[in-house]
Amino acid sequence: MGWALVIEILSWLFILSGSAFTLIGAIGTLRFPNFWSRLHAASISESAGMILLISGMCLQGGISLLTVKLLIIGTFIFITGPTSTHAVANAAHTSGARPDSDEDARKKQKGTS
Amino acid sequence: MLRTLLTALTLFALWLLMSGIYSPLIIGLGIASSIIAVITMRRMDNAADAQRMQIYLKPIATIRYWAWLMIEIAKSNWMVTKIILSPNMQMNRHLFKVPYTQKTDLGQAVFANSITLTPGTISVEVEDGTFWVHAVSYASDTKDALAEMDAEVSAIESVVA
């Protein structure tokens, strides 16, 4: 039992959990009721899924050019992911879509009852 | 001049890292494209509306902030995952204002992107001094958590002269 095996197990743990989070994000995107909550579900695949998958693949790559490329890809997604999510949310907001607020609905209900 | 030289070298280093093929032709093409890119950049500096990108961030504090952000991302990922997988999907959606205290554009961008990057909260709109943030499970401590993140981001900004 050497270091190679430990790294192998660790990398598969990362890759499998990353895949699981990507899947959960996809399930959430389908299950959540409307546009605004779906955005939140999608950001699970984008953050946890992406970070875990890239880390797992980096461990598979070892110290090589491949790992450097993966880290550069990861850094780009880390910055562009939230930016594009914000762009979509902002476009919806600008075009007049307003999210229904459960918090306000709850407060109103409390006030009348 | 130093800035131009450093930019050319950085671009060329990036080329070497991304290509992985070290034949004279490919390296020559890399040198040529770095030089062309830098010449184009220099010409754009002379344009009327040219703006120089200035980075007012403390390097070590920024790395520490990334580590802190990773833990926040892990925590909120777990929270949203529980909502997705629970049978009744208990949500408490809300759109609310969050004030920001960053002075530089970059600092504000880092804060807004950090909000969006942590699942469960999305920055929707920017107004003078405040962000509109949408949360999927708004709780009484959501605003406090965002205020803490705001303070963390403001701490990595180096003071603008």
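Residues numbered from 1 in each chain as written. Chains lettered and ligands numbered in written order. Predicted model: local features only at pLDDT ≥ 70, side-chain atom pairs only at ≥ 80, totals over all residues.

### Thoughts on the overall build of chain A
Across its full length, chain A carries 4 helices and 0 strands. Its helices and strands in sequence order give chain A the pattern α-α-α-α, from N to C terminus. With respect to the principal axes defined by its C-alpha atoms, chain A has extents near 65 × 30 × 20 Å. A total of 113 residues make up chain A; the buried ones form 28% of that total. A fraction of 59% describes how many contacts in chain A between residues 6 or more apart in sequence connect residues 24 or more apart. (Helix = DSSP H or I, 4+ residues; strand = E, 2+ residues; numbered from the N terminus. Buried ≥ 20, exposed ≤ 12 C-beta atoms within 10 Å, placed from the backbone. Contact = placed C-beta atoms within 7 Å.)

### Details of the overall build of chain B
Of regular secondary structure, chain B possesses 5 helices and 3 strands. Helices (α) and strands (β) of chain B occur, in sequence order from the N terminus, as α-α-α-β-α-β-β-α. Relative to the 2.2 N^0.38 estimate, which gives 15 Å for 161 residues, the radius of gyration of chain B is 21 Å and therefore markedly larger than a compact globule would have. Considering only C-alpha atoms, chain B reaches an extent of 60 × 40 × 30 Å along its principal axes. Across the 161 residues in chain B, those meeting the buried criterion constitute 27%. Sequence-distant contacts in chain B: of pairs separated by 6 or more residues, those separated by 24 or more amount to 67%. (Rg over C-alpha atoms; globule rule 2.2 N^0.38 Å.)

### Some thoughts on the nonpolar core
In this structure, A:Ile44, A:Ala48, A:Leu52, B:Phe111, B:Ile115, B:Phe131 and B:Val133 are the most contacted members of the largest nonpolar core, which totals 40 residues. Of all the secondary-structure elements, those providing two or more residues to this core are helix H1 (3-31) and helix H2 (35-61) of chain A together with helix H3 (59-85), strand S1 (94-99), helix H4 (105-117), strand S2 (121-127), strand S3 (130-135) and helix H5 (142-156) of chain B. The element that contributes the greatest number of residues to this core is H2(A), accounting for 11 residues. The contacts of B:Val133, once residues within four sequence positions are left out, are B:Phe96, B:Val98, B:Ile115, B:Thr121, B:Ile122, B:Ser123, B:Val124 and B:Leu146. (Core = buried A, V, L, I, M, F, W, Y, C linked by C-beta atoms within 7 Å.)

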